[in-house]
Structures are given as C-alpha cells and as structure tokens.
Amino acid sequence: MKRRHFIQTSTAATAFLTLGGLSLQSFSKKTTKHITILHTNDVHSHIEPFPSNHYKTPNKGGIARRATLVEKIRKENPNTLLLDAGDIFQGTPYFNFYGGEIEFKLMSLLKYDAATIGNHDFDNSVEGLYKQLPHAKFDFLSANYDFKNTILNGHVKPYKVFIKDTIKIGVFGLGIELQGLVDPKMYKETKYLDPIEIAQDMSRILKEEEKCDLIICLSHLGYTYDNKDTVSDLILASKTKNIDLIIGGHTHTFLDKPTVVKNRIGANVLVNQVGCYGINVGRIDFYFDDAKNVTNKGVSITV
Amino acid sequence: MKKNIILFLTFLSLLSCENSSKKLVKIEGTLIPIDEKIDSKKEIEDFVAPFKAQVESEMNKALSYTPINLTSTDGELESTLGNFMADLCYQKANPIFNAKTGKNIDFAMFNFGGIRADISKGGITNLHAFKLMPFENQLVVVELSANKLNELVHYLITEKKAHPLSKQVKLTLEKNGYSFKINNKNIDSTKTYFVLTSDYLQNGGDHMNFFKNPISLFKTDYKFRNAIIDYLKETDTVTVRLDGRFSYKK
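All figures in this text were calculated on a predicted structure; none of them were measured in a lab. Numbering of residues starts from 1 in every chain and runs along the sequence as written. Each chain gets a letter, beginning with A, and each ligand a number, beginning with 1, in the order they are written. Residue-level local features of this predicted model are given only where pLDDT is at least 70; pairs of side-chain atoms are given and counted only at 80 or more, and the full residue set underlies all totals for whole chains, interfaces and linings. Note that the side-chain values use all heavy atoms of the structure and ignore hydrogens as well as water.

**A short note on the packing of aromatic side chains**
Note the cut-off: Think of it this way: a Phe, Tyr or Trp ring, Trp meaning its six-membered ring, pairs with another when their centres are within 6.5 Å, and the plane angle makes it stacked under 30 degrees, edge-to-face over 60, tilted otherwise. Secondary structure elements are taken from DSSP: a helix is a run of H or I of four residues or more, a strand is a run of E of two residues or more, and numbering for both begins at the N terminus. Burial status follows relative accessibility: with a 1.4 Å probe on protein chains alone, a residue under 20% of its type maximum counts as buried, one over 50% as exposed, and anything between as partly exposed. Lysine and arginine charges are scored as sitting over a ring when NZ or CZ, respectively, is within 6 Å of the ring centre and within 35 degrees of the ring normal.
Counted according to the given criterion, the structure contains 20 aromatic pairs over all chains. Consider the rings of F104 of chain A and F140 of chain A, whose centres lie 5.2 Å apart with planes at 50°: the pair is tilted. Of this pair, F104 of chain A sits in helix α4 (residues 101–109) while F140 of chain A is found in strand β4 (residues 139–140), placing the two residues 36 residues apart along the sequence. Exposure remark for F104 of chain A: the relative accessible area of 1% places this residue in the buried category. Residue F140 of chain A is classed as buried on the basis of its relative accessible area, which comes to 6%. Through successive ring pairs, a cluster of aromatic residues spans F89, F95, F104, Y112, F138 and F140 of chain A. Across from the ring centre of Y287 of chain A, 4.6 Å away, lies the NZ or CZ of K26 of chain B, which sits over that ring.

Take a look at the structure:
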C-alpha cells in the first residue's frame, strides 16, 4: 500500500518535471507569436457572388467562399481575428426582405469577432438595428457614437480586448458623422463625437490601462476626401498615436495594399480598405518576438 | 521554505516579464480576392438556400404588365421609361406633399443616367423595380425661384438628353429659342415652383446644381423604388407613350 502510494507520487513528480522541461524548451525555442487579422468592409448585404455576366465584377465575392477562406486561415493560425468595418446592411433584396437578419446570422456562422457601425446600418433606424442584434454573435464596437438616449444604449461597446496566444489586441470602432448623410429620423438621438479626440482617448486607454500589444481601429470614416478638412482614415492615422492598424470603410476604396502612414510621433500606422461587396478580404499578419531576442529596433513591414 | 519563496517570486517575475516583453517585429499585408478559385462552403450555401428561394420567388412575382418595351432610349428628348418613372413618382408623391403643405408639386424631374435598366414587354416584377432603381434614393420636393427654374431649363436645353420629366412639362426646342410651359403656363417670374426629384440629384448629383440650396426642401420619406413598386401593385396594365413633352419643334 505504502509502496504503491510512493510510485504514484513519483509518477506525478516525473510528469511535473517533464511538463516543466517541455514548457521550458518551448519557451526557449518558439518565442515568436503570430496574429492574423482578416477584414471586410461595406459588404452591403452581398451574400451571393456577382453573376457571371456582371459588367464590372463578374463572379466575384460570395459569403460561402469567404467562409471557406476564413476557415482555412483559422486552421493554419488559430490566433486569427475576423473584423468588419461597417455598412453590413443595404444593397440587395436580402436586406429589403429580412432587415439584416441573414447578414448577421451568416457573419456569426463565419465567427466574426467584431464589427463597427456604418451609416447604412441605420437604414432601418436604430430600432431596425436593435431588432437584429440578437442574431449577431459578435460585438458591435463604436467609441464616437453616443447611444445613451437611444434604444441601442448598452448594446454597443467602445472597444474590446481580445487575447490570442497571450497577445492583447485592443479593437475600437469609429463612425462617420451622420448629419447630412443619414435621415435624423433614422439615427434619432445618436450623438456623433469627434473621432480624433475619441481615438486619442481610446488608444491611450488600450495602451496604458489595458496594456495592449496591438491596437486596431475599425473605422467607417472613409479613406480620404478631396476636401482635406473632412476627417478621414489618413488624417486619423497622422493625428493619433499608438494605433497599429486602421481598418477602413465607407468610401468603397479598393487598395491593392495597405497604406503606411506616419503617425503623430513618427511611427508607422497601416491603413487598409478592401473595396466593397465582399469582393476581397484583407489580411494583415503581425509577428511578435520576445524583446530580448530583438536586436533590430524597427518593425519590418511587407505590403 | 525561504528558498521556495524566492523560487515563487522568480516565477512570478518571469510571468509578468513575458507579458510586457513582446515586441512587434514584422507586419505583412495581403489582399485576398474572393472568386471562383475558392470553393463555397456547403453549410453556408445550405443556410442561404431557403432565403434565396423565397427572395427569388418574391422578386419574380409579376406586379403589373406592359404591352410595350419600356426603354430609356426610344425617343429623342424623352423616353417611354423616363415618362413612366416621372409620371408615377408625381402621382405617388403629390398626395403626400399636398397633405403636409396644402400645395401641389408643379412637375417631376430626374436624370437620364438614373434609369438603370429597361423593362421588356410582358410582366413587370419586383426584380424590374430593383434593377430600375437599385439605389436607396428618396423623393424630395424642392422649392425653386423662377431664376433657378430658368437654370433648370437651360440645363435641359444644353444637355439635350432624355432626362425624365413628368407630363406637366412642355418644353419645345425651336430654331431660334425655345418654349417652356408648366401646366400650359409660362414661367411667372414672381412665383416659386415645386419640383419633385431625388435626394441624390438635390445634392447636386449629375451637376443639377439648380437643386442645391432651394428656397425650401421637403423630404417625402418615400423611397424612389417603393414609389415604383407601389404604383405597379395598383396598376394592372401600364399605359405610357411618347407625348412630346420635351421635343424639337416639328
């Protein structure tokens, strides 16, 4: 009896030692961490691919294909986030018939992690959006829309922190000014707050309080405008700090590759947008290493 | 025991160290086109299938009938499809405007480029309405001064395109000049005019700058496409013809 007890203990001890040894080994060998960000914007209720006789984008897009792609990438790297930069609604009869239910259910099946709110997501008013929220198994993030006096109060978060392979990823959302763009009857008492000021608050909170390793802004402000006073993703990138990636929307801008912009303190920010209608998916891979293994201070950017 | 505590502390510091010592070293960005090279996931297609069937059956349901082809290019300065769209919008929007303001719309005007598809002879379906007006434009009424109305007329004369106009308009291009009447009356320079158009054009779309900054702006809250669908639902057979509302003098 006593002997048996001893054996059990020693086995446990051996197991512990082995585990310890393994984890030590993996710690010293594999120090890099890999985060993949996948993103869409302005999908506008496009569920099926464009018809093969379409004049501009024949046979492009389709959410069932996007599902295959996302699944494959998640298999290769489980540390993947799938994000959307708004205008999920409006553009095909699916929206007119079902009010966005199908879009949200499909995005949930694809395991979207978060989305921000675009101007067209107000097309059935704040009530219309609220009604579809139970169908979305992902979070809506918007830091500069104050929904306090609307039915959406408490249902939209300013930001969310995701932890993937110990890397803390802070994601916050920004929306476009609604006045003049959306009928006030639709957005009701939604208050639009200055996106630059809010972005500065958000990036400070995510960097200093939440200690995030990676900060991503989901923006529906638009890539850039002829009127340089109109706030855009390029302006946002240059006037803020600590944001690593801005995933944009609204202007349906097809970028071949992310734009690298110098921020307020001269560090690089990536600004990306992948057109519209689910024709493309953007992919940004971030690689981290232990600071002690890093000799070169700069970040290598391949776009 | 003391040794244990030291070990424990070391372990803790290692843990916290791990969190704060991660450094971003490399970023790669790629664009992935979604096309036929990627297989569709069956589970997703199966989910969509019943909704797709329902949408398609709704879309293909005939709402009305046209005995002729309705196109945007079958006249010189007018078209059957343009006349159809402008007249039906007037018919659907004027009661809304009248109920709220006690006034009547003088005429409707849209843009040639906004007619996005033709309608072939036969049944007219929801799908036709969606193809004709894929945008979410709303109908608005602008109040224009006589001066702005003159700008509008000059736009039409310069463009010489079959921009949709409702039947209250009679614009005739003559050898040296033109004649413009609304409800058989010349423009009264002391009056203002109510013109029905879309919010897109009111915002200066297609360079219709005369619609910008109107004396007053009335939003009907009525979508262009819904006006088309509602009109078709209550119309058994569409009757429309070229009536010379905008024409060259013969």
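**Concerning the environment of G177 of chain B**
Residue and element names in this part refer to chain B. Within the secondary structure, G177 sits in strand β7 (residues 177–182). The exposure class of G177 is partly exposed, given its relative accessible area of 36%. Linking G177 and R245, residues 68 residues apart in sequence, is a C-alpha distance of 16 Å.

**Concerning the sheet that holds strand β9 (residues 214–219) of chain A**
Residue and element names in this part refer to chain A. Note the cut-off: Note: two strands are recorded as paired if DSSP finds a minimum of 2 bridges between them. Helix axes use the C-alpha atoms of the stretch in contact, all axes being lines fitted to C-alpha atoms, and the angles between their N-to-C directions lie in the range 0 to 180 degrees.
Ordered by their spatial adjacency, six strands build an open sheet running β6-β7-β9-β10-β12-β11, and the pairing between neighbours is mixed. The open sheet is flanked by β6 (159–164) and β11 (259–262), the only strands paired with a single partner. Sheet twist, expressed as the mean angle between neighbouring strand axes with direction ignored, is 25°.

**Thoughts on unusual backbone geometry**
Residue and element names in this part refer to chain B. One non-glycine residue with positive phi stands out, namely N184, at about 70°. Its place among the elements puts N184 in the loop between β7 and β8 (192–198). Relative accessible area serves as the criterion here: at 68%, N184 is assigned to the exposed category. Of note, the phi angle at H207 is positive, near 60°, even though the residue is not glycine. Relative to the assigned elements, H207 resides in the loop between α6 (199–202) and β9 (216–223).

**Thoughts on the side chain of D139 of chain A**
Residue and element names in this part refer to chain A. Put simply, the test is: Between N or O atoms, a polar contact is any pair within 3.5 Å; within protein, one atom must be a potential hydrogen donor and the other a potential acceptor, and residues adjacent in sequence are included only when both atoms are from side chains. For this analysis, residues touch if any pair of their heavy atoms sits within 4.5 Å.
Looking at where D139 falls in the secondary structure, it is placed in strand β4. By relative accessible area, which is 18% here, D139 ends up buried. Side chain to side chain, D139 and K157 meet in a polar contact 3.3 Å long. Here K160 takes part through its side chain, which lies 2.7 Å from a polar atom of the side chain of D139. Contact partners of D139, with chain neighbours within four places excluded, come to D113, A114, A115, K157 and K160.

**Description of the interface of chain B and chain A**
Applicable threshold: Each of two parts loses accessible area, computed with a 1.4 Å probe, when they are put together; buried area is these two losses added. Salt bridge, as applied in this entry: a Lys or Arg side-chain nitrogen positioned within 4 Å of an Asp or Glu carboxyl oxygen.
Counting residues at the interface gives 39 residues for chain B, matched by 62 residues for chain A. Buried surface at the junction of chain B and chain A, summed over both partners, amounts to about 4,700 Å²; 61% is from carbon and sulfur atoms. On the chain B side of the interface with chain A, the three residues burying the most area are K22, I27 and I34 of chain B, jointly 17% of the side's total. Counting the contacts that link chain B with chain A gives four salt bridges. Across the salt bridge formed by K52 of chain B and E48 of chain A, the nearest N and O atoms sit 2.9 Å from each other.

**Side note on the packing of α4 of chain A against helix α2 (residues 42–59) of chain B**
Applied cut-off: Any angle from 65 to 115 degrees is called roughly perpendicular, while one under 35 is roughly parallel, one over 145 is roughly antiparallel, and all others are oblique. Should the near helix be turned anticlockwise from the far one by less than a right angle, the crossing is termed left-handed; should it be turned clockwise, right-handed. Just so you know the grouping, Ala, Val, Leu, Ile, Met, Phe, Trp, Tyr, Cys and Pro go in nonpolar, Asp, Glu, Lys and Arg go in charged, and all remaining residues, Gly too, go in polar.
Put simply, α4 of chain A and α2 of chain B touch, their axes get as near as 11 Å, and they point 170° apart. In terms of axis orientation, α4 of chain A runs roughly antiparallel to α2 of chain B. Relative to α2 of chain B, α4 of chain A is oriented so that their crossing is right-handed. On the side of α4 of chain A, the interface is formed by I102, K105, L106 and L109 of chain A, while α2 of chain B contributes E43, I44, F47, V48 and F51 of chain B. Classifying every residue of the contact of α4 of chain A with α2 of chain B gives seven nonpolar, no polar and two charged.

Shape is all these values report; function is a separate question.
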